[in-house]
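Notes for the structure review
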Amino acid sequence: MTSGDERADTRAEKVELEFSTHGGEAVRFAALLHGDRRAPGGPAPLLVRPVTLGEGWRVLQYRLPADAQGDPAAYAAFERQVSAGVALERRYGTERYGEVFTRLVGFDLEAPEPFVLYRATDGEPIARRQGTLTVAEQQQVIAQLVLAVRLLDHVGLVHRAITPYTVRWDGTHVRLAEPYAVLRTGEPRAAYGTAPWASPEQREGVGTTDTRDDLWSVAQLVYFLLAGRPGAASGPPPDLREFRRLAALDEGGAFAPYADGRPLAADLMRLLNVADPLAAASSSADPLSRARAEFDAQRAKKRQELNRGQEPEEHWAEAAYESPPPRRSLRSWLTGGASAAVPEPAPEPAPEPPPPVRRPTLCPHCLLPVSYDESRLVTLDSKKVANPLDLSAERRPMHRQDALRQAYQTCPHAPAAAPHYLPVPYLTNGEPLTIALVGSSAAGKSHLLAAMLGEIEQGALEPYGLKSLPLNPETHREFLRDRVQPLHRGKVLERTGQASFAHFTDGLLITGPAGTRPVVFFDLAGEDLAQNGEVTSFLMGVGAFVFVLDPLRALRLRTLDPVRARTRLQQRDLGDEAFTTVLNRVPRTGPYIAAPAAVALNKSDLVRFDPVVDRWLGRALPVSLDEETFRAESRDVYAFAAHHGSPAWLKPFDDCARCTLHFVAATGAQERGGTFPHGVRPRRVLAPLLSIFAMCGLLPAAELSEVGT
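Since the model is a prediction, treat every value here as computed from it, not as a measurement.

When its secondary structure is counted, the chain shows 22 helices and 22 strands. Residues classed as buried in the chain amount to 51% of the 709 residues present. Sequence-distant contacts, at least 24 apart, represent 68% of the contacts inside the chain between residues at least 6 apart. Total accessible area on the chain stands at roughly 33000 Å², and carbon and sulfur atoms take up 52% of it.

With that settled, consider the nonpolar core. Ranked by internal contacts, the top residues of the largest apolar core, which has 63 residues, are F545, F547 and F663. In terms of residue count, helix α20 (residues 627-644) provides more of this core than any other element does, six residues in total. Residues within four places of F545 in sequence aside, it is in contact with A436, V438, L539, V582, V586, A595, P596, A597, A598 and I692. Counting residues in each nonpolar core, the second largest holds 50 residues, with L449, V484, V492 and I692 among its members.

Okay, the side chain of D276 next. Tracing the backbone shows D276 in the loop between α7 (265-271) and α8 (277-280). The exposure class assigned to D276 is buried, which follows from its relative accessible area of 15%. Of note is the side chain of D276, whose polar atom sits 2.8 Å from the side chain of R150. In terms of polar contacts, D276 uses its side chain to reach the backbone amide nitrogen of L278, at 3.0 Å. Other than its neighbours up to four places away in sequence, D276 contacts R150, A266 and M269.

We now examine the sheet that holds strand β10 (residues 174-175). With antiparallel pairing, the three strands of this open sheet are ordered in space as β7-β9-β10. Edge positions in the open sheet fall to β7 (124-125) and β10, since each of these has one partner strand only. Pairing of strand β9 (residues 168-169) with β10 involves two bridges; the strand directions are antiparallel. Across the sheet, residue W169 finds its bridge partner in β10, namely V174.

Okay, the pattern of salt bridges next. Scanning the entire structure with this criterion turns up 44 salt bridges. Residues E294 and R290 are paired through a salt bridge, measuring 3.9 Å at the closest nitrogen-oxygen approach. Here E294 and its partner R290 are both found in helix α9 (residues 289-308), four residues apart, which amounts to about one turn of the helix. For R290, a relative accessible area of 67% gives the class exposed. When the shortest N-O distance is used, the salt bridge between R481 and D482 registers 2.8 Å.

What follows covers the sheet that holds strand β18 (residues 506-512). An order of β17-β18-β19-β16-β20-β21-β22 is seen for the seven strands of this open sheet, with the pairing classed as mixed. The open sheet has two edge strands, β17 (467-470) and β22 (659-663), and neither has a second partner. Across this sheet, the average inter-strand angle for adjacent strands is 25°, counted without regard to direction. In this structure, β17 lies alongside β18, joined through four bridges in antiparallel fashion. Pairing of P470 across the sheet is with L508, part of β18. Contacting β17 and β18, helix α14 (residues 473-488) crosses the sheet at an angle of about 110° to β18. Contacts from helix α22 (residues 687-695) reach β16 (433-438), β18, β19 (515-523), β20 (544-549), β21 (597-601) and β22, with the element oriented near 160° to β22.

Let's shift gears to the packing of aromatic side chains. Applying the stated criterion across every chain, the model contains 20 aromatic pairs. A centroid spacing of 5.8 Å and a plane angle of 70° characterise the contact between F29 and W57, whose relative ring orientation is edge-to-face. On the criterion of sequence distance, the pair formed by F29 in strand β2 (residues 26-33) and W57 in strand β4 (residues 57-63) is long-range, its members being 28 residues apart. The positively charged end of K302 is found above the aromatic ring belonging to F653, 4.0 Å away from the centroid.

Each pair of packed helices can be described by the angle between their axes along with the distance between the axes. One can describe the packing of helix α13 (residues 445-457) onto α14 by two numbers: an axis separation of 9 Å at closest approach and a directional angle of 105°. When the axes of α13 and α14 are compared, the pair comes out roughly perpendicular. Only H476, F479, L480, R483, V484, L487 and H488 of α14 make contact with α13, whose side of the interface consists of S446, H447, L449, A450, A451, L453, G454 and E457. Class assignment for the residues of the contact of α13 with α14 results in eight nonpolar, five polar and two charged.

A word on unusual backbone geometry. The omega angle of the peptide bond from A195 to P196 is 0°, so this bond is cis rather than trans. You will see that K384, though not glycine, has its phi angle at about 65°, which is positive. Relative to the helices and strands, K384 resides in the loop between β12 (377-380) and β13 (386-388). We note that A442 has phi near 75°; this positive angle belongs to a residue other than glycine. In this structure A442 comes out as partly exposed when scored by relative accessible area, which is 25%.

With that settled, the discussion passes to the pairing of strand β6 (residues 115-119). Among the five residues that make up β6, four are buried, leaving the element largely enclosed by the rest of the structure. The sheet contact formed by β4 and β6 spans five bridges and is antiparallel. When the bridges of β6 are listed, V59 appears paired with R119. Where strand β5 (residues 104-108) and β6 come together, four bridges link them in antiparallel fashion. Residue pairing in the sheet places G106 in a bridge with L117 of β6.

Conventions adopted
Residues numbered from 1 in each chain as written. Predicted model: local features only at pLDDT ≥ 70, side-chain atom pairs only at ≥ 80, totals over all residues. Heavy atoms only, no water. Helix = DSSP H or I, 4+ residues; strand = E, 2+ residues; numbered from the N terminus. Buried < 20%, exposed > 50% of the residue type's maximum accessible area, 1.4 Å probe, protein only. Contact = heavy atoms within 4.5 Å. Areas by Shrake-Rupley, 256 points an atom, 1.4 Å probe, with all protein chains shown as cover. Core = buried A, V, L, I, M, F, W, Y, C linked by side-chain atoms within 4.5 Å. Polar contact = N/O pair within 3.5 Å; in protein donor to acceptor, adjacent residues only side chain to side chain. Pairing = 2+ DSSP bridges. Salt bridge = Lys/Arg side-chain N within 4 Å of Asp/Glu carboxyl O. Axes fitted to C-alpha atoms, helices over the stretch in contact; angles between N-to-C directions. Phe/Tyr/Trp six-rings, centres within 6.5 Å; stacked < 30°, edge-to-face > 60°. Lys NZ or Arg CZ within 6 Å of the ring centre and 35° of its normal. Parallel < 35°, antiparallel > 145°, perpendicular 65-115°, else oblique. Nonpolar A, V, L, I, M, F, W, Y, C, P; charged D, E, K, R; others polar.

Rendered as structure tokens:
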């Protein structure tokens, strides 16, 4: 029902409001937009206003104004709010006990001013009922607040804004405020809130978020209602024992200053003798269970077949070495090997095996061995014209080193009419690793590569013990100028044009525990990759692949139809032509391709509110990597793609001996008129690259030895 104030609001603006429901359905309403206001203690910089939908449906709109959209943190917090609202509505929207939350109506994150709509709530801030609640109402409030924390914990959320001024009471239900301050459980804490309502750890922003942060807030709120005054900022109030209704909170440790000293919400419910609806609820069937089982079966089949004989050999196999048996002593020969009273001398230690045979460096273009040859050095001018470089008279080591860092060497196998050039550091460091991005046109390969290298440029590899330098400073500078910087400014990159020769796009020198290796990236047009032409002959020598899977083509989700219509892309069941062509062309050892591979389900932000996708895309990459995490994400991506698409899209996993799968978003936004209006927010774009580094030995930790198997 529309309030009198809203009926009298002559300034209300009439509009057509289109948004998505929590299930992804697009809906449209005639709407009256009322005046903006700031919610007391609300989330800056968001604006709040009442909205009337249709014939009197009152909702509340939170929106991110245009002048705040340049702040990535503000947009990220707003998106977390929407994600939390969707998660709560999907999980508890049909449950009676879901009324403890402010309920989400819909959202539009791509609007000029992104917004989210909530049902208008009845009741008043519970602070106004201080000292007036009956005994029965006190019991209801305590039970429902602890239940709300229990429900949040079940979906992995920490509300962080539970105070007497944000929680409402209508005489029957408490209702938490909109989740504008929410974080996921286990994320680094960000300083938020004031004493005594926020826990000491939450106020200081130390450690990682814990559902028991919210239990502190509940305990402080209830004490305030019963005692008539705020509690202590860093521990139990001194007069806590005077309030019999708080005995369970006290005995359970809800007022403990640190989260690990407080009980879990489920345990506190037992102390309060409150029924836990989640304990009694039957677990719903997992719609992806069959696809997960398919992943497990295919993985087990590959492991069995690969372990049956020799491990897949690489393109240039190292010489096998078997230690000779220990020599027998003279006494053993004379006695025929019988035991003697005098102990035998210890056998001589086996000689050290020879060092591994280093494979020759291959030209990444013609796949023939190339060695460093100072007589073939050149520099390339701004028009890529080669000029000979003679360093024979250069005696200054620093100048010589700097010249070589920027120099190229002509490949001796290239025809004179079509020369190609290799950066000198490619030939003078460790074994090169070539990585090719594979996928159809418009799958987002170029955006993904630009996002990857943009993250690396900002030091994102350093937490993993890796350092990076440009393979060639000028080439890298051009790539940053022409691709990375425009993308960061919100510009849609031009599609990669077809080529007559496959030049690598950019290269890095990656240094880690295993030494320094050149890493070069190839990004060709999808049309070239789908053909068995000469331009793609280099693929037979590629060291690793990133297969970029486009959900708009692969997934049968109706919620993607509006984006498909706008981008003129069509869903298809036959898989990616580029995937098939490349997989059929690359050499195999037995049934499998030896080169490691990663499948990147790009544009995952289009499906980011699906619980399986949100489990990964909603969290930053962990600093500590392990093969179990890679395997769990691969299993989820495989199951999600198999359930919503055809098996043809998962051919890289079936054909490659070692393969991981990842949810990634190169831009995290949808394009409009050649730009990303709200900027770009790359997500988990380094996950495929880090898995390849683990499989190729650049991350040689023991806990990563079986990544992709």
